[in-house]
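Chain by chain, the residues:
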Number of protein chains: 2
Amino acid sequence: MSAPTLSIQQAATHSNVSVHTLRYYERIGLLPPIARDANGQRRYTERDLGAVNTLLRLRATGMPIQGMKRFAELFAQGEGAIPERLALLEEHQKAVHQRILELQTNLEAIDGKIKIYRKNTQVIPDSKSNSRGVGGSL
Amino acid sequence: MSAPTLSIQQAATHSNVSVHTLRYYERIGLLPPIARDANGQRRYTERDLGAVNTLLRLRATGMPIQGMKRFAELFAQGEGAIPERLALLEEHQKAVHQRILELQTNLEAIDGKIKIYRKNTQVIPDSKSNSRGVGGSL
DNA sequence: ATTTGACTTCGAGCGCACTCGAAGGTTTAA
DNA sequence: TTAAACCTTCGAGTGCGCTCGAAGTCAAAT
């Protein structure tokens, strides 16, 4: 039993991307050249799908295409480049972590605003209160 | 003592944006029309700076300009629109929270990969191991 | 007198990551 | 026979959020 492979259409569906994007990623070197069948059609292996998966995770965490390209290149260079691959991932890890912290910080500020709004919605302001607490300005 | 106001340059520096961006935000309706001095030059009040601050927080958490515009419009509509403002913020709050969760999930997957890489870097693989754990494919 | 910084309207350009369609080809299945 | 699904190269278009510069004006400060 040889490993099952997928057509580009199937791979696209499986990975939830468009066939356009799969060819695009291969074209710009994010994916290695995908193996072809007797008719020259792409056959995606488990490994290829794994690669797509990894790329999508990197993308989802905000890595720009240039970064992914660099990673793919380091991969193509074989085992010698493992330390660089590790370094790249660690750097990205750090960046993502900081991004999460930034989001959390800003989210807290928004939470604060929401609380103020809730107070103001619950109590109908009387003529003496001017609801200046609400935003001040936006 | 009247409230101190800032020139556009000062406001830009203070908020860490460009004067281009300040005018742009005003132009597209994110900021209210900024008050002018005798010479027609913008004078940014504390309130205006607060508005910029809020916008930057929304932006930093990924709210598109259209969303910010909607918020600004609701603000311009006065107190009657407070419930809608609240709703908009709550929706955004939810979205940001989900975004954070997504980042954390993907970050964990990346952490996993890093761990595998670290194992492989520590132990020089012998002829029997083929380091297939490392990425598999990227 | 000149430099600085502000103002206006306008439209072009940029970087990113796709996204799509055209045009022309082949193979395979119904 | 026809339709579906794949292939190629190519270039144009999209949406976002700026970003910039041009051209012309004005007023205050040195």
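These numbers were taken from a predicted model, which means no experiment stands behind them. (Residues numbered from 1 in each chain as written. Chains lettered and ligands numbered in written order. Predicted model: local features only at pLDDT ≥ 70, side-chain atom pairs only at ≥ 80, totals over all residues. Heavy atoms only, no water.)

Draft legend 1. Representation of the protein's contact with DNA strand C in the model. DNA strand C sits among 16 residues. The nearest are A:Y25, A:N39, A:R59, B:R23 and B:R42. Each atom of DNA strand C within 4 Å of the protein belongs either to a base or to sugar and phosphate, the latter forming 89%. A:Y25 is positioned with one of its side-chain polar atoms (N or O) 2.5 Å from a phosphate oxygen of DNA strand C. Within the side chain of A:R59, an N or O atom sits 2.6 Å from a phosphate oxygen of DNA strand C. For the surface near DNA strand C, the element with the most residues is helix α2 (residues 19-27) of chain A, which contributes 4 residues. Taken together, the residues that form the surface near DNA strand C break down as 5 nonpolar, 7 polar and 4 charged. (Near = heavy atom within 4 Å. Polar contact = N/O pair within 3.5 Å; in protein donor to acceptor, adjacent residues only side chain to side chain. Helix = DSSP H or I, 4+ residues; strand = E, 2+ residues; numbered from the N terminus. Nonpolar A, V, L, I, M, F, W, Y, C, P; charged D, E, K, R; others polar.)

Draft legend 2. Representation of the protein's contact with DNA strand D in the model. In the vicinity of DNA strand D lie 16 residues, with A:Q9, A:R23, A:R42, B:Y25 and B:R59 positioned nearest. In the environment of DNA strand D, a phosphate oxygen lies 2.7 Å from a nitrogen or oxygen atom belonging to the side chain of A:R42. B:Y25 has a polar side-chain atom sitting 2.6 Å from a phosphate oxygen of DNA strand D. Contributing elements (two or more residues each) for the surface near DNA strand D: α1 (8-15) of chain A together with α2 (19-27) of chain B. Residue contributions to the surface near DNA strand D peak at 4 residues, all from α2(B). Its residues assigned to classes, the surface near DNA strand D shows 5 nonpolar, 7 polar and 4 charged.

Draft legend 3. Inspection of the packing of helix α1 (residues 8-15) of chain B against helix α3 (residues 46-60) of chain B at higher detail. Residue and element names in this part refer to chain B. Following both chains from N to C, one finds α1 and α3 inclined at 40°, their axes separated by 11 Å at the closest point. The orientation of α1 with respect to α3, classified from their angle, is oblique. In terms of crossing hand, the pair formed by α1 and α3 is right-handed. Residues A11, H14 and S15 of α1 touch α3, and the partners they reach there are L49, V52 and L56. A breakdown of the residues in the contact of α1 with α3 according to their chemical character gives 4 nonpolar, 2 polar and no charged. (Axes fitted to C-alpha atoms, helices over the stretch in contact; angles between N-to-C directions. Parallel < 35°, antiparallel > 145°, perpendicular 65-115°, else oblique. Left-handed = near helix turned anticlockwise from the far one by under 90°. Contact = heavy atoms within 4.5 Å.)

Interpretation note: all reported values are geometric properties and have no functional meaning in isolation.
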